[in-house]
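Descriptive analysis of the structure
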Amino acid sequence: MNDYIAAIMILKSLAINLPILRSWGYVFPRLLTIVVNQGKMAMLMDTLRVFPREYAEKNLNSEFRFHFFPKGYAHQKEQSEIALRCKTDNTGTNGLDVVITDDEIVEDLAFEKFFIFFDDSDFPTVSLDLQDFVPKSNDLKFIMTSAERINQDEAYSVEQQVLNVAALFIEPYLRKGHTELTIEQILDTVNRLCAFDENVRETNDISNVFCVSLENWRKNQQELRIVDLNDRSELTQINWDDISEILFFKGKYLYIRESKFKSILEETNLGMPINLVKSKLRDAGVLATENNRTPNYVTKLRYVDSDGVEHSLRMMRFDLEKLSIPGELSFKDKCYFLGGRGNDSKY
């Protein structure tokens, strides 16, 4: 959640201080493209809006110019035209173009876009006043000096240099104690945003990377909570309060809660947006959904418990054959015979 709040602060600072950044030679070279879950585009726009609606016509300072591109439509040409305008408009008088989309598929062969993924299903409320990131005149010299010092790192891309400076404009606000976040945390968020943008382009072998990451996750668990639904004797062992922690096996599939999938990705530090990983795993047949056209990545797990009661749980379903690493035991056998940390561990 802190990363989300920090990213919102960075983006708002970028918008409100755009003319100053450009006058210092910091020009964002690519089209900001923010990917959200379905139904969240308008909510994010209202969060990022620099000025209240009633002040928008006055064109005070600068603000984002939003473009919405919902999933399922061909927008590549239109987005390329917007990206070209971003490259040629360095004056800052027209604000900064921002694409907001709920299409997690990355298409950017021309390297025109800078991707930011917000995977949270429910965005926390972030209330920031107009003046929060407007610097005082006596702050500008300090911010400029800090920017020159931080951006001496030659490994930083142009995008990271611009976002670093936008982050530094937040520091006077932080010093007032309005939030527990520190400038170091804000700059760390910039690092992660830039790393994510690089990682989303390297998805050709994501299924193999995920399988190895899943195996590494298994090895690092103190215990594994597993239930084979084909064995009715195991059904009496289920603690329904901990259902989100259990790995279910049924037939040729592994079933886990979506929250568990998210925690595995966080623990393995795969470094890619969750919805992008889901999409690529489905394309590779690792994640088995009802069909490849639905935006939903979960399916229903139905079974009858030891008391004869029928249950239906919304779970993510993985093909065990495709989870296996060539030359090794199947993932199910590893869970049962090796457990976590090399010990037998059965829920």
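Residues numbered from 1 in each chain as written. Predicted model: local features only at pLDDT ≥ 70, side-chain atom pairs only at ≥ 80, totals over all residues. Heavy atoms only, no water.

Looking at the overall build of the protein
Regarding its fold elements, the protein presents 13 helices and 9 strands. A total of 347 residues make up the protein; the buried ones form 51% of that total. In the protein, once contacts between residues fewer than 6 apart in sequence are set aside, the share between residues at least 24 apart is 71%. With the model as given, the accessible surface of the protein reaches about 17400 Å², and the carbon-plus-sulfur share is 46%. (Helix = DSSP H or I, 4+ residues; strand = E, 2+ residues; numbered from the N terminus. Buried < 20%, exposed > 50% of the residue type's maximum accessible area, 1.4 Å probe, protein only. Contact = heavy atoms within 4.5 Å. Areas by Shrake-Rupley, 256 points an atom, 1.4 Å probe, with all protein chains shown as cover.)

Examining the environment of Ala 7
Tracing the backbone through its elements, the reader meets Ala 7 in helix 1 (residues 2–16). If we ignore the near neighbours within four places in the chain, the residues touching Ala 7 are Phe 118, Thr 189 and Leu 193.

A short note on helix 13 (residues 331–338)
When we look at burial in helix 13, the residues that qualify are Phe 331, Lys 332, Lys 334, Cys 335 and Tyr 336. Summarising the contacts, the buried residues of helix 13 are in contact with helix 9 (206–219), strand 5 (226–228), strand 6 (247–250), strand 7 (253–256) and helix 12 (320–323). Positioned one or two residues after helix 13, Gly 339 has a phi angle of 65 degrees, which is positive.

Quick look at the confidence of the model for the protein
With 82% of its residues at a pLDDT of at least 70, the protein reaches an overall mean of 81. The least confident element of the protein is helix 4 (residues 76–88), whose mean pLDDT is 78; the most confident is helix 6 (residues 158–168), at 95. This model gives residues 342–347 a pLDDT under 50, and the stretch forms 22 contacts once residues within four places in sequence are excluded. (pLDDT = per-residue confidence, 0-100.)

Notes on the pairing of strand 4 (residues 113–117)
Among the 5 residues of strand 4, 5 are classified as buried, and the element is accordingly described as predominantly covered. Neither face of strand 4 is open: one carries Lys 113, Phe 115 and Phe 117, the other Phe 114 and Ile 116, and all of them are buried. As paired elements, strand 1 (residues 31–35) and strand 4 share 5 bridges and run parallel to each other. If you follow Val 35 over to strand 4, its bridge partner there is Phe 117. (Pairing = 2+ DSSP bridges.)

Here's the deal with the side chain of Asp 197
Here Asp 197 lies in helix 8 (residues 183–199). Other than its neighbours up to four places away in sequence, Asp 197 contacts Arg 30, Lys 113, Phe 114 and Phe 115.

Quick word on the packing of aromatic side chains
The geometry of an aromatic ring pair is captured by two quantities: the separation of the ring centres and the angle between the planes. Under the definition given, this model contains 10 aromatic pairs. Measuring from ring centre to ring centre gives 6.4 Å for Phe 115 and Phe 117, while their planes differ by 40 degrees; the resulting arrangement is tilted. Here a set of aromatic residues connected by ring pairs shows up, and it is made of Phe 210, Phe 261 and Phe 318. Arg 317 extends its terminal NZ or CZ atom over the ring of Tyr 253, reaching a point 4.7 Å from the ring centre. (Phe/Tyr/Trp six-rings, centres within 6.5 Å; stacked < 30°, edge-to-face > 60°. Lys NZ or Arg CZ within 6 Å of the ring centre and 35° of its normal.)

A look at the nonpolar core
Counting 51 residues, the largest nonpolar core has Leu 32, Phe 118 and Ile 186 as the members making the most contacts within it. For this core, the leading source of residues is helix 1, giving 10 residues. (Core = buried A, V, L, I, M, F, W, Y, C linked by side-chain atoms within 4.5 Å.)

Some details on the sheet that holds strand 2 (residues 64–69)
Strand order in the open sheet made by the 4 strands is 2-3-1-4, with parallel pairing throughout. Of all the strands in the sheet, the pair left with one neighbour each is strand 2 and strand 4. Neighbour-to-neighbour, the strand axes of the sheet open up by a mean angle of 25 degrees, direction not taken into account. Direction of pairing for strand 2 relative to strand 3 (residues 96–101): parallel, over a ladder of 6 bridges. Counterpart to His 67 in the pairing with strand 3 is Val 99. Lying over the sheet, helix 3 (residues 41–48) contacts strand 1, strand 2 and strand 3, oriented at roughly 175 degrees with respect to strand 2. (Axes fitted to C-alpha atoms, helices over the stretch in contact; angles between N-to-C directions.)

What to know about helix 9
With 14 residues, helix 9 ought to run about 20 Å at 1.5 Å a step, and its terminal C-alpha atoms sit 20 Å apart, in line with that. The set of residues buried in helix 9 consists of Ile 206, Ser 207, Phe 210, Cys 211, Ser 213, Leu 214, Glu 215, Trp 217 and Arg 218. (Expected span 1.5 Å × (residues − 1).)

Observations regarding a positive patch on the surface
Together, Lys 250, Lys 300, Arg 302 and Arg 314 make up a region of like positive charge exposed at the surface. Along the polypeptide, Lys 300 turns up in strand 8 (residues 299–304). On the basis of relative accessible area, Lys 300 is assigned to the partly exposed category, the value being 42%. (Patch = residues over 30% accessible without salt bridge, like charges linked within 9 Å, V, L, I, M, F, W, Y side chains within 5 Å. Salt bridge = Lys/Arg side-chain N within 4 Å of Asp/Glu carboxyl O. Lys, Arg positive; Asp, Glu negative; His and termini not counted. Charge placed at Lys NZ, Arg CZ, Asp CG, Glu CD.)

Remarks on the pairing of strand 3
Within strand 3, 6 of the 6 residues are buried, which leaves it mostly tucked inside the rest of the structure. Taking every second residue as pointing to the same face, both faces of strand 3 are buried, with Leu 96, Val 98 and Ile 100 on one and Asp 97, Val 99 and Thr 101 on the other. Sheet analysis places strand 1 next to strand 3, joined by 4 bridges and oriented parallel. Residue pairing in the sheet places Val 35 in a bridge with Thr 101 of strand 3.

What about the packing of helix 9 against helix 11 (residues 274–283)?
Their axes nearest at 9 Å, the elements helix 9 and helix 11 cross at an angle of 110 degrees. When the interaxial angle is binned, helix 9 and helix 11 end up roughly perpendicular. Of the residues in helix 11, those touching helix 9 at Ile 206, Ser 207 and Phe 210 are Val 277, Lys 280 and Leu 281. Of the residues belonging to the contact of helix 9 with helix 11, the class tally is 4 nonpolar, 1 polar and 1 charged. (Parallel < 35°, antiparallel > 145°, perpendicular 65-115°, else oblique. Nonpolar A, V, L, I, M, F, W, Y, C, P; charged D, E, K, R; others polar.)

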